[in-house]
Amino acid sequence: MQTKELRREKIKKSIRGKVSGTAERPRLTVFRSNKQIYAQVIDDVAGRTIAAASSLKIDEKAAKKEIAAKVGEQIAVNAKAAGIEAVVFDRNGYLYHGRIKELADAARKGGLIF
């Protein structure tokens, strides 16, 4: 029997085999927990995080999708400040739906290209 976690790990490994970030086009990865959502822009060649944003710094009460959109806007601002225009999106094994989609759409609206 396969659990949700094992299924996501399998999908994640498949995605990471195809998606890699460089200095010119880093990887935008998303992690989602039950309460929070986190986003990082990572240069895999150098092995460093260029920009990050999370829902931990958002102090207002709102729906999870709205908070994910705010995190998407924030990661776009942080990436632009670091000089990043284009990224590759790593959904980290999650379905491109709900909070993940809201974050990605908001990051695109904020000016990130992917």
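A quick note: this is a predicted structure, and the numbers were derived from the prediction, not measured. Going along each chain's sequence as written, the residues are numbered from 1 onward. Predicted model: local features are reported for residues with pLDDT of at least 70 only, side-chain atom pairs are reported and counted for 80 or more only, and whole-chain, interface and lining totals are derived from all residues. As a convention, hydrogens and water are excluded, and side-chain values are obtained from all of the structure's heavy atoms.

**Re the nonpolar core**
To keep it simple, the criterion reads: Definition used in this section: a nonpolar core is a set of buried Ala, Val, Leu, Ile, Met, Phe, Trp, Tyr and Cys residues joined via side-chain atoms within 4.5 Å. Relative accessibility thresholds used throughout: buried, under 20% of the residue-type maximum; exposed, over 50%; partly exposed, between the two (1.4 Å probe, protein chains only). Strands are runs of DSSP state E lasting at least two residues, helices are runs of H or I lasting at least four, and both sets are numbered from the N terminus onward. Only heavy atoms enter the contact rule, under which two residues are in contact if any of them lie within 4.5 Å.
By size, the foremost hydrophobic cluster in this structure holds 21 residues, and its most contacted members are L28, I37, V41, I75, L103 and L112. Looking at this core, the elements that each hand over two or more residues are β1 (27-32), β2 (37-43), β3 (48-54), α2 (64-81) and α3 (99-109). If near-sequence neighbours (up to four positions away) are discounted, I37 is found in contact with V30, F31, R32, A53, S54, S55, A68, V71, R99, I100 and L103.

**A few points about the side chain of S54**
Applied cut-off: The definition of a polar contact used here is a pair of N or O atoms within 3.5 Å, where within protein one atom must be able to donate a hydrogen and the other to accept one, and adjacent residues in sequence count solely through side-chain atom pairs.
The topology assignment puts S54 in strand β3. For S54, the side chain forms a polar contact with the main-chain nitrogen of L56, separated by 3.3 Å. Other than its neighbours up to four places away in sequence, S54 contacts I37, Y38 and V71.

**Let's talk about the pairing of β3**
Let me state the cut-off plainly: Being paired, for any two strands, means DSSP has found at least two bridges between them.
In terms of strand pairing, β2 meets β3 through six bridges, oriented antiparallel. By the bridge assignment, I42 is partnered in β3 with T49. Joining the antiparallel neighbours β2 and β3 is a turn of four residues, in which G47 adopts a positive phi near 70°.

**A closer look at the layout of surface pockets**
The test is simple: The way it works is a 1 Å grid over only the protein atoms, where trapped points that fit a 1.4 Å probe form a cavity and open points with protein on both sides within 12 Å along at least five of seven lines form a pocket, and then any residue with an atom within 4 Å of a point lines it. Grid points are joined across faces, edges and corners, and a volume is the space filled by probe spheres set on the points. Polar here means any residue outside two lists: the nonpolar Ala, Val, Leu, Ile, Met, Phe, Trp, Tyr, Cys and Pro, and the charged Asp, Glu, Lys and Arg; Gly therefore counts as polar.
In this structure, the largest pocket encloses a volume near 390 Å³. Residue lining of the largest pocket: 13 residues in total, with K4, E5, R8, R32 and Y94 positioned closest to the centre. Here the residues of the lining of the largest pocket sort into two nonpolar, four polar and seven charged. By volume, the second largest pocket amounts to about 210 Å³. In this structure, the second largest pocket is lined by K35, Q36, I37, S55, I58, D59, E60, K61, A62, K64, I67 and R99. Broken down by class, the residue content of the lining of the second largest pocket amounts to four nonpolar, two polar and six charged.

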